[in-house]
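Each chain, written out:
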Amino acid sequence: MESVGNGVIGARRNEDIALDLLKFVAGSTGFGRPAAPSTGFSGTAAAKPEEQISQLLDLYSRCLNVVDGKGAKA
C-alpha cells in the first residue's frame, strides 16, 4: 500500500481550518445574512450578490493568511 505525501495533507488542512474560521466569523457576525426588515427608513441598501461573494472571498483570504501565519492585512 502506498503512503500519501504529507505536503498535500498539510496544505489541505490549512484550507480546512481557514474555512472553519470563515464560517465562525460569518456566523458570529451575521455576515452575508439579509438585514432584518424594519419599519421606517433604512440607511443601507442590500448588497448585491456579486459584492457579497467578493467580500466572502476576501474574508476567506484573510482567514487563510492568519492560519498560514502571515497575519491579516489591514
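Residues numbered from 1 in each chain as written. Predicted model: local features only at pLDDT ≥ 70, side-chain atom pairs only at ≥ 80, totals over all residues. Heavy atoms only, no water.

**Student:** Please explain the overall build of the protein as it appears in this structure.
**Tutor:** Helix and strand content of the protein: two helices and zero strands. Going through the 74 residues of the protein one by one, you find that 7% of them count as buried. When the accessible area of the protein is evaluated, it comes to approximately 6,200 Å², of which 58% is carbon and sulfur surface. (Helix = DSSP H or I, 4+ residues; strand = E, 2+ residues; numbered from the N terminus. Buried < 20%, exposed > 50% of the residue type's maximum accessible area, 1.4 Å probe, protein only. Areas by Shrake-Rupley, 256 points an atom, 1.4 Å probe, with all protein chains shown as cover.)

**Student:** What is the right way to look at helix α2 (residues 49–67) in this model?
**Tutor:** Helical periodicity: at 3.6 residues per turn, an α-helix aligns residues three or four positions apart in one direction. Along its 19 residues, α2 runs 27 Å from first to last C-alpha, staying within 8% of the 27 Å computed at 1.5 Å per residue. Looking one or two places after α2, you find Gly69, whose phi comes out positive at around 85°. (Expected span 1.5 Å × (residues − 1).)

**Student:** Would you mind showing me how to read the environment of Leu56 here?
**Tutor:** Relative to the helices and strands, Leu56 is located in helix α2. For Leu56, a relative accessible area of 35% translates into the label partly exposed. Taking the C-alpha atoms as reference points, Leu56 and Leu22, separated by 34 residues in sequence, lie 8.2 Å from one another. Other than its neighbours up to four places away in sequence, Leu56 contacts Leu22 and Phe31. (Contact = heavy atoms within 4.5 Å.)

**Student:** What's the story with the environment of Leu64 in this structure? I'm lost.
**Tutor:** Within the secondary structure layout, Leu64 lies in helix α2. When residues no more than four places from it in sequence are discounted, the contact partners of Leu64 are Asn14, Glu15 and Ala18.

**Student:** Got a minute to help me understand the environment of Gln52 in this structure?
**Tutor:** In this structure, Gln52 sits in helix α2. Look at Gln52 and you get partly exposed, because its relative accessible area is 28%. Between the C-alpha atom of Gln52 and that of Gly32, which follows or precedes it by 20 residues, the distance is 6.5 Å. With sequence-adjacent residues up to four places away left out, Gln52 is seen in contact with Gly32 and Ala47.

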